[in-house]
Amino acid sequence: MQTWIRRGGIRSSGTFCTGVALMVVTLFSWSSPLTVIPNSTTATATSVDQNSTNNISQPRWIEIDLSEQRLRAWEGHKLVYSYLISGGKRSTPTPIGRFRINSKYRTHRMRGRGYNIPDVPYTMYFYRGYAIHGAYWHNRFGTPISHGCVNLPVKQARNLYNWASTGTLVVVRK
């Protein structure tokens, strides 16, 4: 009986030590994911070496340039989409800053002071009531006419909606 207890104790302590060792290795080898927050000097398209075997996924992010009324979607430094938009007019500007897409809706009713639009397609909210979405009610892209949202043609909004996910970085610049 005593031999069985000793063997069991040794076996248990070996399992315990292995578990502790695995936890220590895991703790020391873990590092938080690298978040690349692009800035205007590094966020440019670059050529890709065709012989490269680097298959690491680059972070996706959206750049909105209000002075150009243009939205660009990036995977790291690679330009994926570039679309004309309609941002907020002077009296109802689009907020400037760094945000994250916090919710997505295939269609959504938008209401506010002076508007009530049903079935707004491909809506992606990035800050309070501000969203990137399709606009079926106008065709004046390239001109700031919205109430602060970022309007896209519906087909382009669908492409962006399918490409982006909740949490995607949105950088809005003047």
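Quick look at the structure, then. (Residues numbered from 1 in each chain as written. Predicted model: local features only at pLDDT ≥ 70, side-chain atom pairs only at ≥ 80, totals over all residues. Heavy atoms only, no water.)

**Re the nonpolar core**
Core analysis: the largest hydrophobic core is formed by 22 residues, its most contacted members being Ile62, Ile64, Leu71, Ile132, Leu152, Leu160 and Val170. Of all the secondary-structure elements, those providing two or more residues to this core are strand S1 (60-65), strand S2 (70-75), strand S6 (115-127), strand S8 (150-152), helix H2 (154-163) and strand S9 (169-173). With four residues, the top contributor of residues to this core is H2. Ignoring any residue separated from it by four or fewer positions in sequence, one finds Leu152 in contact with Leu71, Tyr83, Leu84, Ile85, Ile132, His133, Gly134, Ala135, Phe141, Ala157 and Leu160. By size, the runner-up hydrophobic cluster in this structure holds six residues, among which are Val120, Tyr125, Ala131 and Cys149. (Core = buried A, V, L, I, M, F, W, Y, C linked by side-chain atoms within 4.5 Å. Buried < 20%, exposed > 50% of the residue type's maximum accessible area, 1.4 Å probe, protein only. Helix = DSSP H or I, 4+ residues; strand = E, 2+ residues; numbered from the N terminus. Contact = heavy atoms within 4.5 Å.)

**Points about the environment of Pro93**
With respect to the element layout, Pro93 can be found in the loop between strand S3 (78-84) and strand S4 (97-100). Here the alpha-carbon distance between Pro93 and His147, two residues 54 residues apart in the chain, equals 6.9 Å. When residues no more than four places from it in sequence are discounted, the contact partners of Pro93 are Gly88, Tyr130 and Gly148.

**A few points about the sheet that holds S6**
Across the sheet, which stays open at both edges, the four strands sit in the order S5-S6-S7-S8 with mixed pairing between neighbours. For this open sheet the edge positions go to strand S5 (103-112) and S8, each flanked by a neighbour on one side alone. For this sheet, the mean inter-axis angle between neighbouring strands, taken without regard to orientation, is 40 degrees. Pairing of S6 with strand S7 (residues 130-134), which is carried by three bridges, proceeds in the antiparallel orientation. Bridged to Tyr125 within S7 is Ala131. Seen against the sheet, H2 touches S5, S6, S7 and S8 and runs at an angle of roughly 35 degrees to S6. (Pairing = 2+ DSSP bridges. Axes fitted to C-alpha atoms, helices over the stretch in contact; angles between N-to-C directions.)

**Considering H2**
Listed in full, the buried residues belonging to H2 are Ala157, Leu160, Tyr161 and Trp163. Axial view of H2: buried residues confined to an arc of 165 degrees, hence all on one face. Turned more than 90 degrees away from the buried face of H2 sit Lys155 and Asn162, all of them exposed. (Arc of directions from axis to C-beta.)

**Thoughts on the environment of Pro144**
For Pro144, the position within the fold is in the loop between S7 and S8. Look at Pro144 and you get partly exposed, because its relative accessible area is 38%. The spatial distance from the C-alpha of Pro144 to the C-alpha of Gln69 is 7.2 Å, given a sequence separation of 75 residues. Beyond its immediate stretch of four places on either side in the chain, Pro144 contacts Gln69, Gly87, Gly88 and Lys89.

Honestly, it's all geometry; don't read function into it.
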